[in-house]
Amino acid sequence: MVWPWMFPDAGSSDPRGWHVFSPNPTDPLMNMPARFSVIASLFASITVIAQGPVAEEGDASYHAGYFFNAIELYHRAYAGTGELEGKAVLLFKIAECHRMLGDAEKSAAWYDKATKAHYDDPIAYLHMAEALKVQGRYDEAILVFRKYREKNPGYAAADDAVHDCEQALAWRKEPGRYRVDPEVLLNTPQYDFAPAYADKRNEDLVFTSSRPAATGTSNEGCIGGSTFDLFMSRRDRLGKWSEPVKLPPTICTEANESNAVFNTRRTIMYFTRCPHEKNEALGCDIWMSRKVGNEFVEPVMLPLAPIAITGKKDSSVVVVEHPTLSADDGIMIFTSNMSGGKGGLDLWMVKLGTDGMPLGRATNLGSAIDTKKHDQFPFPRSNGAVFFS
């Protein structure tokens, strides 16, 4: 699955990474290797240095999405090399693994080590600045963004990132009327994300988690923990959340299940399922389960990927994931890298029938929205606009 904590692409024109579009009413209707193609060329360019067998094994783990394993291998390779340039490269690679795991604190520390070891690609400064910004260390982030701007004068978006940090510092001095606090009764030291209300009273919450109660362990090499499963918690009249309970085995399997979304009536749940087999990613698909009372029936896979429609397998591992619905439940927007897109992960849409199943083939949202980079995580608003990253 596409990791929801990935930072914006280094080449993005907007350092904040978020975009919004409003659909034209006249218009008709990130497997592991797919998600990491953004920086594959970057890794390819630095693997010619200090490449012993252990470092090469680390590279293979990284490109397969097994970042937790890759970190251990890079540490071993670092201990076994005395060449300074090679050490700097390995420090950068360790930082990249922590970045892909969403650990901003560790990634910033390792990028700092890489730059101090004279790693010569300025991208390390950009990623370090982004990691500092994520942590709210805005003063430090400003200095590092400016350092990156000095080393890469053509990247004017760094100035926008500096402005964002300065704005955040100003907000700290004069906070608004909104406050965001962590929900301690739902969160764990593991990954907890993608909440969705499962009932019309907005008292039942379904969310994704890799907490120890999850079913499988196929993510051990990826994130050092369990698979992602869907959990439910109920809020009582006092606003207190109950202990989250994993959804039944018909939904939560040895595969990764994540990113649930419900229709307006809360009678249909769509979610992403990404199976693995012998440490091999097999892509992802969107599944649908009907909710009868408080029970979820056996889910069915939506025929959205090319092989499900034409019987012809795509040339790469195909991911179809992150569903979201229009206000009238008539259109689903989702993320995929299937053929016919603009490159990387794109946003696609498909019409849905009254039974919740697709009507016809999915349509790419086109070059006005999709780019050669990753375009993902769609989220609709009631006014018809859709935010995405």
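It should be noted that the structure appears before, not after, this text.
Residues numbered from 1 in each chain as written. Predicted model: local features only at pLDDT ≥ 70, side-chain atom pairs only at ≥ 80, totals over all residues. Heavy atoms only, no water.

Student: Looking at this model, I keep getting lost on the packing of helix 3 (residues 53–63) against helix 4 (residues 67–79). Mind explaining?
Tutor: For any two helices packed against each other, the geometry is given by the interaxial angle and the distance between the axes. Running from N to C, helix 3 and helix 4 cross one another at 165°; their axes reach a closest spacing of 8 Å. Classed by the angle they form, the pair helix 3 and helix 4 counts as roughly antiparallel. As for the relative orientation of helix 3 and helix 4, their crossing is left-handed in sense. When helix 3 is examined against helix 4, the residues V54, A55, E57, G58, D59, S61 and Y62 are found in contact with a partner set consisting of F67, N69, A70, L73, Y74, R76 and A77. (Axes fitted to C-alpha atoms, helices over the stretch in contact; angles between N-to-C directions. Helix = DSSP H or I, 4+ residues; strand = E, 2+ residues; numbered from the N terminus. Parallel < 35°, antiparallel > 145°, perpendicular 65-115°, else oblique. Left-handed = near helix turned anticlockwise from the far one by under 90°. Contact = heavy atoms within 4.5 Å.)

Student: Just checking my understanding: could you explain the sheet that holds strand 14 (residues 331–336) for this structure?
Tutor: To summarise the sheet geometry, strands pair through backbone hydrogen bonds and adopt either a parallel or an antiparallel arrangement. In spatial order, the strands read 13-14-15-16; together these four strands make up an open sheet with antiparallel pairing. Each edge of the open sheet is held by one strand with a lone partner, namely strand 13 (320–325) and strand 16 (358–364). Mean inter-strand twist for the sheet, computed between neighbouring axes without regard to direction, equals 25°. (Pairing = 2+ DSSP bridges.)

Student: I tried to follow unusual backbone geometry on my own but got confused; where do I start?
Tutor: With a phi close to 55°, A194 is a non-glycine residue in the positive phi region. One can find A194 in strand 2 (residues 192–197). Judged by its relative accessible area of 22%, A194 is partly exposed. The phi torsion at H322 lies on the positive side, around 55°, for a residue other than glycine. Take H322: it is sitting in strand 13. (Buried < 20%, exposed > 50% of the residue type's maximum accessible area, 1.4 Å probe, protein only.)

Student: So what exactly am I meant to see when it comes to the sheet that holds strand 2 here?
Tutor: A sheet is described by the order of its strands in space; here four strands give the open sequence 2-3-4-5, paired in antiparallel fashion. Bordering the open sheet on either side are strand 2 and strand 5 (245–246), each of which pairs with just one other strand. Sheet analysis places strand 2 next to strand 3 (residues 204–209), joined by four bridges and oriented antiparallel. Residue pairing for strand 3: A196 is matched across the bridge by V206.

Student: Quick question: what am I supposed to make of the environment of E140 here?
Tutor: When you line up the elements, E140 lands in helix 8 (residues 138–151). Under the relative-accessibility criterion, E140 is labelled partly exposed at 36%. Taking the C-alpha atoms as reference points, E140 and A129, 11 residues apart in sequence, are found 7.6 Å from one another.

Student: Even after reading the chapter, I still don't get the packing of aromatic side chains, so can you show me in this structure?
Tutor: The description of an aromatic ring pair uses the distance of the two centres, along with the angle that the planes make with each other. Evaluated as defined, the whole model comprises eight aromatic pairs. Measuring from ring centre to ring centre gives 5.2 Å for Y62 and F67, while their planes differ by 65°; the resulting arrangement is edge-to-face. Neither residue differs from the other here; Y62 and F67 are each classed as buried. Seen from their ring centres, F262 and F296 are 6.3 Å apart, and the 50° between their planes marks the pair as tilted. Here F262, found in strand 6 (residues 256–262), pairs with F296, found in strand 11 (residues 295–296); they are 34 residues apart in sequence, far enough to count as distant. On the accessibility criterion, F262 (8% relative accessible area) is buried. (Phe/Tyr/Trp six-rings, centres within 6.5 Å; stacked < 30°, edge-to-face > 60°.)

Student: Sorry if this is basic, but what is going on with the side chain of S289 here?
Tutor: Examined against the element boundaries, S289 turns out to sit in strand 10 (residues 285–292). A relative accessible area of 0% places S289 in the buried class. In terms of polar contacts, S289 uses its side chain to reach the backbone carbonyl oxygen of V297, at 2.6 Å. If we ignore the near neighbours within four places in the chain, the residues touching S289 are I251, T267, I268, M269, F296, V297 and P299. (Polar contact = N/O pair within 3.5 Å; in protein donor to acceptor, adjacent residues only side chain to side chain.)

Student: How should I be thinking about the pattern of salt bridges in this particular structure?
Tutor: Close approach of charged atoms allows side chains of opposite charge to pair. Counted according to the given criterion, the structure contains 13 salt bridges. Close ionic contact of K93 with D59 constitutes a salt bridge, the shortest N to O distance being 2.9 Å. Here D59 lies in helix 3 and K93 lies in helix 5 (residues 84–100), a separation of 34 residues in the sequence. Its relative accessible area of 0% is what places K93 among the buried residues. Here R137 makes a salt bridge to E140, at a shortest N to O gap of 2.9 Å. Residues participating in the shared-partner salt-bridge network are D199, R201 and E203. (Salt bridge = Lys/Arg side-chain N within 4 Å of Asp/Glu carboxyl O.)

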